[in-house]
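# Structure at a glance
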Amino acid sequence: MVTPFRPDGSLDADGAQKLAAHLVDVQRNDALVLSGTGGESPTTSEAEKETLIRVVREAIGDRARIIAGVGTNDTAHTVELARAAEKAGADGLLVVTPYYNKPPQAGLVRHFTTVAGETGLPVMLYDIPHRSGIPIATETLIRVAEHPNIVAVKDAKSDLIASSTVLASTDLAFYSGEDAGTLPWLSIGAVGVVGTSTHFVGARTQELIAAFERGDVAEALRLHRQLLPIYTGIFRTAGTILVKAGLNAMGLPAGPVRSPLVDATEDETAQLRADCLAAGVTLAA
């Protein structure tokens with residue numbers, strides 16, 4: 001979930017509640033990731049992160065889970081964020097691979113297991129080497145899966161063969177970290193997607209997953225192909241920029257992005273409208 005801001009750039013707590021309710025009740029998302037990269041976590045304060053969890057919990061109650069993004073490239077700081085998220089009411093944690101400092105795989109094991117041991121919450125690892133600089137190796141995933149609190153992976157590495165090995169060797173639940181990869185991931189045993197375009201097509205993505213799970217692969221494929229224009233179009237620039245542009249166009253709470261991101265241009269918004277229309281979605285208030 002993107003983090004709504006007011007025109008002056010401050011946190012829009014009321015808007016966050018309204019958007020969260022829309023994403024759960026209209027778009028049928030089973031859970032919301034708060035303060036992920038898509039929620040501009042690098043630019044929100046610790047107080048804002050805690051406030052966001054509390055107000056969204058008030059808005060959605062037990063109708064959906066809240067997963068708090070707490071990953072940083074500092075283990076001690078990540079532990080602090082994890083403890084705060086648990087206290088604020090999160091149901092789970094999303095922990096990204098430490099970025100930029102490129103620790104070895106032994107460092108990843110220590111980082112992930114340390115964070116997982118500091119709260120009672122289940123942990124989803126986020127494997128996204130094109131942002132973090134390093135992948136979580138197959139052997140590392142198998143090793144950390146032994147920790148009882150590490151239960152899932154958001155995978156944006158897209159190595160289906162390597163991940164098949166992990167799925168066959170562990171009880172980890174895999175989620176596609178790329179919207180367009182949802183159906184391919186389901187075919188090897190994944191259970192869903194942590195999406196971006198699901199701000200607009202969450203309900204139809206859930207239909208795709210349900211179709212596959214009941215054995216109607218033809219219908220799942222039809223939906224996959226129908227939704228491809230928005231699944232891919234939402235990433236023509238940073239996904240947060242286009243999600244906020246789309247939500248603003250629909251009259252839903254979003255507001256501006258914070259620097260170093262910049263708001264969508266008129267041309268980018270027009271292209272987003274065209275991508276959505278190609279997927280059967282109209283961006284209108």
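Residues numbered from 1 in each chain as written. Predicted model: local features only at pLDDT ≥ 70, side-chain atom pairs only at ≥ 80, totals over all residues. Heavy atoms only, no water.

### Quick word on the overall build of the protein chain
Which entries qualify depends on this criterion: Strands here are runs of E lasting at least two residues and helices are runs of H or I lasting at least four, both read from the DSSP assignment and numbered beginning at the N terminus. In this treatment the radius of gyration is a C-alpha quantity, and the globule benchmark scales as 2.2 Å times the residue count to the 0.38 power. All accessible areas in this document rest on Shrake-Rupley with a 1.4 Å probe, and a residue is counted as covered only by the protein chains that are shown. Only four residue types enter the charge count: Lys and Arg as positive, Asp and Glu as negative, with His and the chain ends excluded. A charged residue contributes its charge at one atom only: NZ of Lys, CZ of Arg, CG of Asp or CD of Glu.
Counting its secondary structure elements, the protein chain contains 12 helices and 7 strands. At 18 Å, the protein chain has a C-alpha radius of gyration in line with the 19 Å of a compact globule built from 285 residues. When its C-alpha atoms are laid out on the principal axes, the protein chain stretches across 50 × 45 × 35 Å. Accessible surface for the protein chain amounts to roughly 12,300 Å². Of this, 52% is attributable to carbon and sulfur atoms. Separation of charge centres in the protein chain, based on 24 positive and 33 negative side chains, amounts to 1 Å.

### Notes on helix α9 (residues 198-213)
Short version of the rule: A helix is expected to reach a length of 1.5 Å times the quantity of its residues less one. The bend at a residue is defined as the angle formed between two axes, one fitted to the seven residues ending at that residue and one fitted to the seven starting there. Per-residue accessibility, obtained with a 1.4 Å probe over protein chains only, is compared with the maximum for each type, and a residue is labelled buried under 20%, exposed over 50%, and partly exposed between these values. Contacts: residue pairs with any heavy atoms within 4.5 Å of one another.
Taking 1.5 Å of rise per residue, 16 residues should cover 22 Å, yet α9 covers just 19 Å from first to last C-alpha, more than 12% shy of that figure. For α9, the principal kink sits at R204 and spans about 40°. T198, H199, F200, V201, G202, A203, R204, T205, L208, I209 and A211 are the residues of α9 that are buried. Packing partners of the buried residues in α9 comprise α1 (13-25), α8 (182-187), β7 (192-193), α10 (217-233) and α11 (239-249). Of the residues trailing α9, G215 is marked for its positive phi of about 90°.

### Examining the environment of A279
Looking at the element boundaries, A279 is found in the segment after α12 (266-278). Here the alpha-carbon distance between A279 and P98, two residues 181 residues apart in the chain, equals 35 Å. Those residues in contact with A279 that sit more than four places away from it in its chain are R204, Q226, L227, P229 and I230.

### Quick notes on the nonpolar core
As a reminder of what qualifies: Throughout this description, the term nonpolar core refers to a set of buried Ala, Val, Leu, Ile, Met, Phe, Trp, Tyr and Cys residues connected via side-chain atoms within 4.5 Å.
Ranked by internal contacts, the top residues of the largest apolar core, which has 74 residues, are M1, L32, V56, I60, L93, F174 and I230. Looking at this core, the element that brings in the most residues is helix α2 (residues 46-60), giving 6 residues. Discounting chain neighbours no more than four positions away, the residues touching M1 are A16, L19, A20, L23, L32, V33, L34, G38, G39, V56 and H199. Counting 10 residues, the second largest nonpolar core, distinct from the first, contains L94, M124, Y126 and A152.

### Quick word on the sheet that holds β7
Formally: A pair of strands is labelled paired if DSSP reports no fewer than 2 bridges between them.
What the 7 strands build is an open sheet, ordered β1-β2-β3-β4-β5-β6-β7; its pairing is parallel. The open sheet has two edge strands, β1 (31-34) and β7, and neither has a second partner. Bridging between strand β3 (residues 92-96) and strand β4 (residues 123-127) involves 4 bridges; their strand directions are parallel. Within β4, the residue paired with V96 across the bridge is Y126.

### Details of the pattern of salt bridges
Close approach of charged atoms allows side chains of opposite charge to pair. Using the following cut-off: One side-chain nitrogen of Lys or Arg within 4 Å of one carboxyl oxygen of Asp or Glu is enough to make a salt bridge.
This model, assessed by the stated rule, comprises 10 salt bridges. A salt bridge links R258 to E48, with the shortest nitrogen-to-oxygen separation between them at 2.8 Å. Here R258, found in the loop between α11 and α12, pairs with E48, found in helix α2; they are 210 residues apart in sequence, far enough to count as distant. Overall, the relative accessible area of 17% leaves E48 in the buried class. A salt bridge links D91 to R57, with the shortest nitrogen-to-oxygen separation between them at 2.4 Å. Placement of the pair is D91 in the loop between α3 (75-88) and β3 and R57 in helix α2, with a sequence separation of 34 residues. Judged by relative accessible area, which is 26%, D91 ranks as partly exposed.

### Regarding the UniProt feature "site: Part of a proton relay during catalysis" (unreviewed entry) in the protein chain
Definition in use: UniProt positions are given in the numbering used here, feature names are shortened, and annotations may be inferred rather than shown by experiment.
The positions that UniProt labels "site: Part of a proton relay during catalysis" (unreviewed entry) are, in the present scheme, T37 and Y100. Tracing the backbone shows T37 in the loop between β1 and α2. Apart from residues lying up to four places away in sequence, T37 is in contact with R131 and T240. Along the polypeptide, Y100 turns up in the loop between β3 and α4 (105-116). Residues in contact with Y100, not counting those within four places in the same chain, are N73 and S132.

### Some details on the pairing of β4
Where we set the bar: Classification remark: right-handed applies to a crossover when, strands pointing away from the viewer, the course from the first strand over the helix to the second runs clockwise.
Counting buried residues in β4 gives 5 out of 5 residues, a clear majority hidden from the surface. Across the two faces of β4 the burial is the same, with V123, L125 and D127 and M124 and Y126 all buried. For the segment spanning β3, α4 and β4, crossover handedness is right-handed. Summarising the sheet, β4 and strand β5 (residues 150-155) pair through 5 bridges and their orientation is parallel. From the neighbouring strand, V123 faces β5, where its bridge partner is I150.

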